[in-house]
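# Descriptive analysis of the structure
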Amino acid sequence: MTTNSAGPLADTAAYAAAVEEAERAAAAYYTAGESTLDDDAYDRLVRAIAAYEEEHPQEVLDASPTGKVAGGAVSGDVPHTVPMLSLDNVFSAEQFVTWTASVERRIGRPVAAWSVEPKLDGLAVAARYRQGVLEQLITRGDGTAGEDVSHAIGTVLGLPERLGAPATLEIRGEILMTTEQFEAANAVRTEHGAAPFANPRNGAAGTLRAKDRPYRVEMTFFAYGALALPDSGELTDTLAGLPHSEVLEYVAGIGVHTAADTAVAPRTVTTVEEVQAGVEDIAALRASLPFGIDGIVIKADLAADQRDAGSGTRAPRWAIAYKLPAVEKVTRLLGVEWNVGRTGIIAPRAVLEPVEIDGSTVSYATLHNPADITRRDLRLGDHVMVYKAGDIIPRIEAPVAHLRTGEEQPIEFPEACPRCGSEIDASEQRWRCTRGRDCRLVASISYAAGRDQLDIEGLGTTRVVQLVDAGLVQDFADLFTLERDQLLSLDRMGETSTDNLLAAIGAAASRPLSRVFCALGVRGTGRSMSRRIARHFASMDRIAAADVEALQQVDGIGKEKAAAVVRELQELAPLIGKLVAAGVNMTEPGATPPPEPGAAQEGEAEESATSGLPLAGMTVVVTGAMTGALEKLSRNEMNELIERAGGKSSSSVSKRTSLLVAGEKAGSKRTKAEDLGVRIAAPEEFAELVQAHLAVEV
Ligand code: IVH
């Protein structure tokens, strides 16, 4: 059995090995203080063991960690007055109905009332109050004796140190971290250089166990029961006789938190149909709850029904857990994206094979920081356990190491800022672009100056960084008003480079509108969309004046994108104004503006605009390396050429393709074109066809 394994256990041998592994890990943690498994892996191992035991109850080993705090390594030295039992599970309405029938058979009458409540996903604890004062907090342990975790008193919301009445009793319930507490705990932990918790349950377990942390994180308690202690006095009979629902009301009345103040407050109903409706209600609310639930608990409400149904050694016969689908699933890690935030923080994000968790499809997960990737030893292609519940951003818990094939690849860390190319400050856990907030500025100016936009030779990221640092540019329009002296004052800018750069900027001022528009970096409008917009409207004025409806006339722009473009163009109006003032070209050569409303139909207008051009009505695809007159053209420039010559450019060959320009080393596109009988032209042949349009300065 390999460390970190946690997939389903295939057979008895795998189960036995898993139990042994868990035992070793738990013992190591509690004796030497160091676990052989991390929290996540240990937790998953125990869950795998529990899953196997559920399927094979006759094979459960004594050494099994399930139902024991610290996997039985510490059984706890505080005996429970009444055993802290677990719950049996059902997974469907049919199983639930069968279960209710068995309870009613056992008690010989219908169950008078049912309590339907959330199954809180945390850790069971017993809180002992004497004369209204919280004296001791004990974990469930092995059910008979638990561990004293009284050090946590004062850190748990909903578990007051003093009750509203001088009662002596034991209140039982669940300690968990709400989503908000979980996020806050992880923020504090990462600030202290500790690893973030993989999920709120781990967070609560780790926090309850930890004694000497230099920081405190908050948790929340939800009571789900109460019982008398030996010296409870008259409360003993009261608690023994009250229906469960009234015990909860009493507990809430003396100041202890219950689920009563949540959207999934316990409800009491009488029929199985009503129970089912309650289950459905709670299940539907699960994703919107500010805390995790892993099921619904249904309990016979009356004390008499509970007494007559009785309890087994593991679980009561009067209550059942109706389990909801897991919020943890295994999927594959396909890639890692490095995103740069507003402040320059470089955050890795996992790209996952999409997996359905809790009713939504998860395709991405946070990876916190590079150190976290290293610590978890994640590799591309790994099977990973992903956790997603409610509002919590999906996160990767750990790789499932035993599913490795050897084909997994290391995750590459960026060497320069992935947005602007500047250096990375890796001195802290969270990496940062050394430009901080200016990263965005550097990136947007570098993008505008790039080959497919304004194509300003000599203006690489390093130069842009210099210009931004010197305060000479606030946006890319400022490039056009740079003065010779300003450039000369920069490091490593001699006369020649200054003059070359000024000439390149001057040339950029007369690029066609499609390039200038693309340089604006309007979201959702890349090179080809920018060309379509520019050709359609022919001038920046008309683009800026276009409303949602007018923009939708452009091929490939739907209602939503049109609205987004209109919004962004409004924001960009000052920048566009600056560009105009600096004398930058704002028209598209060869394009004719759309007719006024009421004039010729759109299709006709486009046709008349292109008719007579050599590629009119044709869809052209380019593949392979260009030669001859086309040798120096980038793919973008080839596409521009096709469109100038009246055609449509496309990147894939289909039945609708009219012509494939196939250069050297053309591969699958050429084969496909041959199969489909699409006309194929060599670069030289194509160059002749569009010769008249080749010379246009771009
Ligand atoms: S009643 C004797 N009510 O689920 C009845 N348990 O899987 C035992 N749990 O050990 C518990 N929410 O830690 C009860 N509303 C709820 C619960 C709940 C969560 C936990 C509890 C229990 C475990 C069994």
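Residues numbered from 1 in each chain as written. Predicted model: local features only at pLDDT ≥ 70, side-chain atom pairs only at ≥ 80, totals over all residues. Heavy atoms only, no water.

## Some remarks on the pattern of salt bridges
The line we're drawing: Think of a salt bridge as a Lys or Arg side-chain nitrogen and an Asp or Glu carboxyl oxygen that are within 4 Å of each other. Each helix corresponds to a stretch of at least 4 residues labelled H or I by DSSP, and each strand to a stretch of at least 2 residues labelled E; elements are numbered beginning at the N terminus. Here the term buried applies to any residue with accessible area under 20% of the maximum for its type, exposed to any over 50%, and partly exposed to those in between, with areas from a 1.4 Å probe on protein chains only.
According to the stated counting rule, one finds 34 salt bridges in the structure shown. In this structure, Arg 376 and Asp 372 form a salt bridge, with 3.0 Å as the shortest nitrogen-oxygen distance. Highlighted residues: Arg 376 and Asp 372, both in helix H10 (residues 370-376), separated by 4 residues, approximately one helical turn. A salt bridge links Arg 451 to Glu 637, with the nearest nitrogen and oxygen atoms 3.2 Å apart. Here Arg 451, found in the loop between helix H11 (438-449) and helix H12 (461-469), pairs with Glu 637, found in helix H21 (residues 635-644); they are 186 residues apart in sequence, far enough to count as distant. Judged by relative accessible area, which is 44%, Arg 451 ranks as partly exposed. A cluster of three or more residues bridged by salt bridges with shared partners is formed by Asp 377, Arg 379, Asp 382 and Arg 404.

## Examining the site of the ligand
So the rule is basically this: A single heavy atom is enough: if one lies within 4 Å of a molecule or strand, its residue is considered near that molecule or strand. In the analysis that follows, any N or O atom pair within 3.5 Å is treated as a polar contact, provided that within protein one partner can donate a hydrogen and the other can accept it, and provided that, for residues neighboring in sequence, both atoms belong to side chains. We get accessible surface area from the Shrake-Rupley algorithm with a probe of 1.4 Å; when it comes to residues, only the shown protein chains can shield them.
Neighbouring the ligand are 14 residues, the closest being Glu 117, Leu 120, Arg 140, Glu 174 and Lys 299. Within the contact set of the ligand, an oxygen atom lies 3.1 Å away from a side-chain nitrogen or oxygen of Lys 119. For the ligand, the protein covers 88% of the area, taking 520 Å² as the surface of the free molecule. Those elements giving two or more residues to the shell around the ligand turn out to be strand S3 (114-120) and strand S11 (293-300). When residues in the shell around the ligand are grouped by element, the largest group, 4 residues, is from S3.

## Some thoughts on the nonpolar core
In plain terms, the rule: As used in this record, nonpolar core signifies buried Ala, Val, Leu, Ile, Met, Phe, Trp, Tyr and Cys residues forming a set joined through side-chain atoms within 4.5 Å. It only takes one pair of heavy atoms within 4.5 Å for two residues to be counted as in contact.
Counting 116 residues, the largest nonpolar core has Ile 396, Ile 456, Phe 476, Leu 479, Leu 520 and Leu 579 as its most contacted members. Broken down by element, this core gets its largest block of residues, 8 residues, from helix H19 (residues 559-581). When near neighbours in sequence (up to four residues on either side) are disregarded, Phe 476 contacts Ile 445, Ala 448, Leu 454, Ala 519, Leu 520, Leu 575 and Leu 579. Grouped together as the second largest cluster of nonpolar side chains are 29 residues, Leu 176, Val 279, Ala 319 and Tyr 322 included.

## Digging into a positive patch on the surface
Applicable threshold: Candidate patch residues must exceed 30% relative accessible area and have no salt bridge, after which like charges are joined if within 9 Å and Val, Leu, Ile, Met, Phe, Trp or Tyr side chains if within 5 Å. Only four residue types enter the tally: Lys and Arg on the positive side, Asp and Glu on the negative side; His and the chain ends are excluded. The atom standing in for a charge is NZ when the residue is Lys, CZ when it is Arg, CG when it is Asp and CD when it is Glu.
A cluster of basic side chains, namely Arg 342, Arg 430, Arg 432, Arg 437 and Arg 440, defines a positive patch on the protein surface. Arg 430 gets classed as exposed once you look at its relative accessible area, which sits at 52%.

## Observations concerning the UniProt feature "binding site: Zn(2+)" (unreviewed entry) in the protein chain
So the rule is basically this: UniProt positions are given in the numbering used here, feature names are shortened, and annotations may be inferred rather than shown by experiment.
Taken from the UniProt record, the annotation "binding site: Zn(2+)" (unreviewed entry) applies to Cys 417, Cys 420 and Cys 439. On the basis of their most widely separated C-alpha atoms, the annotated residues across 23 residues gather in one place, lying no more than 8.4 Å apart. Note that Cys 420 resides in the loop between strand S19 (409-410) and strand S20 (424-425). Turning to its location among the elements, Cys 439 is positioned in helix H11.

## Focus: the pairing of strand S4 (residues 123-130)
Which entries qualify depends on this criterion: Note: two strands are recorded as paired if DSSP finds a minimum of 2 bridges between them.
For S4, the tally of buried residues reaches 7 of 8 residues, placing the bulk of the element in the interior. Summarising the sheet, S4 and strand S8 (residues 169-176) pair through 7 bridges and their orientation is antiparallel. Along S8, the bridge assignment pairs Arg 128 with Glu 170. With 6 bridges connecting them, S4 and strand S5 (residues 133-139) associate as antiparallel partners. The residue bridging Arg 130 from the neighbouring strand is Val 133, located in S5.

## Observations concerning the sheet that holds strand S7 (residues 156-157)
Spelled out, the test is: Each axis is a line fitted through C-alpha atoms, and for a helix only the stretch in contact is used; angles between axes span 0 to 180 degrees, taken between their N-to-C directions.
The strand order across the open sheet built from 5 strands is S5-S4-S8-S9-S7, with neighbouring strands paired in mixed fashion. Each of the sheet's edge strands pairs with one partner strand only, and the pair in question is S5 and S7. Bridge analysis of S8 against strand S9 (residues 219-228) gives 8 bridges, and the strand direction is antiparallel. Note that in S9 the partner of Ile 171 across the bridge is Ala 226. Of the strands in this sheet, S4, S5, S8 and S9 touch helix H5 (residues 200-209), which is tilted by about 45 degrees from S4.

## A few points about the packing of H11 against H12
Rules: Note on terminology: angles under 35 degrees are roughly parallel, angles over 145 are roughly antiparallel, angles of 65 to 115 are roughly perpendicular, and the others are oblique. In this scheme the crossing of two helices becomes right-handed for a clockwise turn of the near helix relative to the far one and left-handed for an anticlockwise turn of less than a right angle.
Direction vectors running N to C along H11 and H12 enclose 130 degrees, while the axes themselves pass 9 Å from each other. Taken together, the axes of H11 and H12 are oblique relative to one another. Note on packing geometry: the crossing formed by H11 with H12 is right-handed. Contacts between H11 and H12 involve Asp 438, Leu 441, Val 442, Ile 445 and Ser 446 from the former and Thr 461, Val 464, Val 465 and Val 468 from the latter.

## Describing the sheet that holds strand S24 (residues 659-662)
The strand order across the open sheet built from 4 strands is S23-S22-S24-S25, with neighbouring strands paired in parallel fashion. The strands lining the two open edges of the sheet, one partner per strand, are strand S23 (648-650) and strand S25 (679-681). With direction set aside, neighbouring strand axes in the sheet form an average angle of 30 degrees. Across 4 bridges, the pairing between strand S22 (residues 619-623) and S24 is parallel. Residue pairing in the sheet places Thr 623 in a bridge with Ala 662 of S24. The strands that helix H22 (residues 668-676) touches are S22, S24 and S25; relative to S24, the one it contacts most, it runs at about 145 degrees.

## Re empty space enclosed by the protein
Stated formally: Grid points spaced at 1 Å over the protein atoms alone were grouped into cavities, where a 1.4 Å probe fits but cannot get out, and pockets, open sets with protein on both sides within 12 Å along at least five of seven lines, with lining residues defined by an atom within 4 Å of a point. Grid points are joined across faces, edges and corners, and a volume is the space filled by probe spheres set on the points.
Enumeration over the complete set of coordinates arrives at 4 cavities of 30 Å³ or more. In this model, the second largest cavity occupies a volume close to 70 Å³. Along the wall of the second largest cavity there are 13 residues; nearest its centre are Leu 289, Phe 291, Gly 292, Ala 389 and Gly 390.

## Quick look at the environment of Asp 121
For Asp 121, the position within the fold is in the loop between S3 and S4. The residues touching Asp 121, leaving out its near neighbours within four places in the chain, are Glu 174, Leu 176, Arg 201, Gly 292, Ile 293 and Asp 294.

## Comments concerning the packing of helix H16 (residues 527-537) against H21
At a minimum axis separation of 11 Å, H16 and H21 run at an interaxial angle of 25 degrees. For the element pair H16 / H21, the angle class is roughly parallel. You can see that H16 and H21 cross each other, and the crossing is right-handed. Of H21, the residues touching H16 (which contributes Arg 527, Arg 531 and Arg 535) are Asn 636, Asn 639, Glu 640, Glu 643 and Arg 644.

## Considering the confidence of the model for the protein chain
Counted only if it meets this: Per-residue confidence from the prediction method is given by pLDDT, with values spanning 0 to 100.
Of all residues in the protein chain, 93% have pLDDT values of 70 or greater, and the mean over the chain is 90. Scored below 50 in pLDDT, residues 1-5 shows 19 contacts in the model against residues more than four places distant or in partner chains. Every residue in residues 29-35 scores below 50 in pLDDT, and together they form 13 contacts with partners more than four places removed in sequence or on other chains.

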